[in-house]
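# Residue-level structural notes
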Amino acid sequence: MDDSKYGKRDKRGHWTPDGVLTPAPIFVLPPNPLKFLRWLPNYFLPWNVFFMLTATLTWLFLTPGTETTNTLSWDWIALIFARNLAAFFVFYGVIEYRLYRQRKQENRFKYNPNFPADKKNTVFMFGSQAIDSVIRGVGTGVTIWTAIEVITLWAFANNYVPMASFSENPVWLAMIALLVPMFHEAYFFAIHRALHIPLFYKWIHSVHHNSVNPSPWSSLSMHPIEHFFFFGEALIHLVIFSHPLLAIYNLQSLALGAVVGHVGFDKIETGDEKGIDTHAYAHYLHHKYFEVNYADGLIPFDKWFGTWHDGTKEGDATMQARWQKKMQRANAGKESNEGGRA
Ligand SMILES: [Zn+2]
Ligand SMILES: [Zn+2]
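Residues numbered from 1 in each chain as written. Chains lettered and ligands numbered in written order. Predicted model: local features only at pLDDT ≥ 70, side-chain atom pairs only at ≥ 80, totals over all residues.

## Notes on the overall build of the protein
Counting its regular elements, the protein contains 13 helices and 4 strands. Its C-alpha radius of gyration of 21 Å places the protein within 12% of the 20 Å reference for a compact globule of 342 residues. Dimensions of the protein along its principal axes, counting C-alpha atoms only, are 65 × 65 × 50 Å. The burial tally for the protein puts 32% of its 342 residues in the buried class. Within the protein, residue pairs in contact and separated by at least 24 positions form 65% of the contacts whose partners lie at least 6 positions apart. (Helix = DSSP H or I, 4+ residues; strand = E, 2+ residues; numbered from the N terminus. Rg over C-alpha atoms; globule rule 2.2 N^0.38 Å. Buried ≥ 20, exposed ≤ 12 C-beta atoms within 10 Å, placed from the backbone. Contact = placed C-beta atoms within 7 Å.)

This is the structure:
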């Protein structure tokens, strides 16, 4: 495919898609029902339907029954870890292998023209972004994901928490399933914004931001504390009269859905003139500029808090103006402190 038909590459080779990033037309004023209806299928397809499917298969065929999960023992915990590990390597590995190892489409539709593997970077273990990310993703990522899933299954199996059933509470459970992505958006915006408070950023979140030029492996490259808060989102199912299947759906859409923002390419080519839109640009801009797009725009939190970058030159200018103001405030604060001491 010819990416120049869909965007522009600057002198340094960085590619920007045409068009303006806009938040989903759900909480916008004035309401635009037609736009909302046109957008609605995107809420389900492809990802939420895909993760609902993988979660259902996982629940039916790869999760032991309550007679097993009501007692904590290593054999079934190992099974949950193994299937999560397999999902991590298959799902991330396939995309990483095609785009970053085989380089099937070279750097067409790639925002940053460079491939992380081409340059050693001492900020990463063994100088490699990929190795560092896989060690973190498996070491604490899949482990904490599994731990939260195990606690959830064990608590439901022992009736420590109330559990709804699909035969008696189908409408309630369908509503929870429908709201999982919304809840994620609100929860993730809150924890992500908090992780950008300078102290937390320095000690915790900077690990994730070491990948300035992210690839799929970067998705779960986080500090263990961030992994805990990230996957901790699914603990909500223990207090809302939910069902383990929905907790698994929530966990899989976190663990695997994180790839959406970290593909690094705007389209994955599937034919000479065909490609799948990745929707990675909003979060790519977060990795590039740090203080924009804390969430992905399903709920327009970034618009409301003035941190939305719409991917255009005007978006750049707004960000620069905000940054200038922030620096001026910081300098004014410093001067008045110095004045006070003098
Ligand atoms: Zn990220
Ligand atoms: Zn961040």
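What follows continues from the structure just given.
## Re the environment of A186
By secondary structure assignment, the location of A186 is in helix α7 (residues 170-195). Take A186: there are 14 C-beta atoms within 10 Å of it, and that puts it in the partly exposed class. The spacing of A186 and E67 is 119 residues in sequence and 35 Å in space, taken between C-alpha atoms.

## A word on the domain arrangement of the protein
A common way to report how large an interface is uses the accessible area buried once the components associate. For the protein, the domain assignment lists domain 1 (3-311) and domain 2 (312-342). Domain 1 puts 7 residues into the contact, and the matching count from domain 2 is 4 residues. Class assignment of the residues belonging to the side of domain 1 that touches domain 2 gives a composition of 3 nonpolar, 3 polar and 1 charged. (Domains from an automatic or database assignment. Nonpolar A, V, L, I, M, F, W, Y, C, P; charged D, E, K, R; others polar.)

## What about the nonpolar core?
Membership of the largest hydrophobic core comes to 43 residues, with the highest contact counts inside it found for W145, F231, L251, L254 and A255. Contributing elements (two or more residues each) for this core: α3 (47-61), α5 (74-101), α6 (129-157), α7, α9 (224-232), α10 (244-255) and α11 (281-289). A per-element tally of this core places α10 first, with 7 residues. Excluding anything up to four places from it in sequence, A255 contacts F88 and W145. (Core = buried A, V, L, I, M, F, W, Y, C linked by C-beta atoms within 7 Å.)

## Structural notes on α10
A rise of 1.5 Å per residue sets the reference length of α10, with its 12 residues, at 16 Å; its end C-alpha atoms lie 16 Å apart and thus fit the reference within 8%. Along α10, 11 of the 12 residues are buried, which leaves the element largely enclosed by surrounding structure. If you check which residues of α10 are buried, you get P244, L246, A247, I248, Y249, N250, L251, Q252, S253, L254 and A255. Tucked inside the fold, the buried residues of α10 contact α3, α5, α6, α7 and α9. (Expected span 1.5 Å × (residues − 1).)

## Structural notes on unusual backbone geometry
The omega torsion of the bond from L29 to P30 falls at -5°, within 30 degrees of zero and hence cis. Assignment of secondary structure puts P30 in the loop between β2 (15-17) and α1 (33-39). A cis amide bond links L45 with the next residue in sequence, P46, at an omega value of -5°. Within the element layout of this structure, P46 appears in the loop between α2 (41-44) and α3. One non-glycine residue with positive phi stands out, namely E106, at about 45°. Here E106 lies in the loop between α5 and α6. According to the C-beta neighbour criterion, E106 is exposed, with 11 such atoms within 10 Å. Positive phi is not limited to glycine here, since H279 has a value of about 60°. Along the polypeptide, H279 turns up in the loop between β4 (275-277) and α11. By the C-beta count within 10 Å, which is 16 here, H279 ends up partly exposed.

## Description of the environment of H196
With respect to the helices and strands, the residue H196 is situated in the loop between α7 and α8 (198-209). Note: C-alpha distance between H196 and A147 (49 residues apart in sequence) is 26 Å. Residue contacts for H196: discarding those within four places in its chain leaves Y201, H205 and E291.

## Side note on the packing of α6 against α10
As a packed pair, α6 and α10 sit with axes 10 Å apart at the nearest point and diverge in direction by 175°. By the angle between their axes, α6 is roughly antiparallel relative to α10. Contacts between α6 and α10 pair W145, I148, E149, T152, L153 and F156 from the former with P244, A247, I248, L251 and A255 from the latter. Taken together, the residues of the contact of α6 with α10 sort by class into 9 nonpolar, 1 polar and 1 charged. (Axes fitted to C-alpha atoms, helices over the stretch in contact; angles between N-to-C directions. Parallel < 35°, antiparallel > 145°, perpendicular 65-115°, else oblique.)

## A look at the environment of G232
Take G232: it is sitting in helix α9. For the pair G232 and D18, spaced 214 residues apart in sequence, the C-alpha separation works out to 36 Å.

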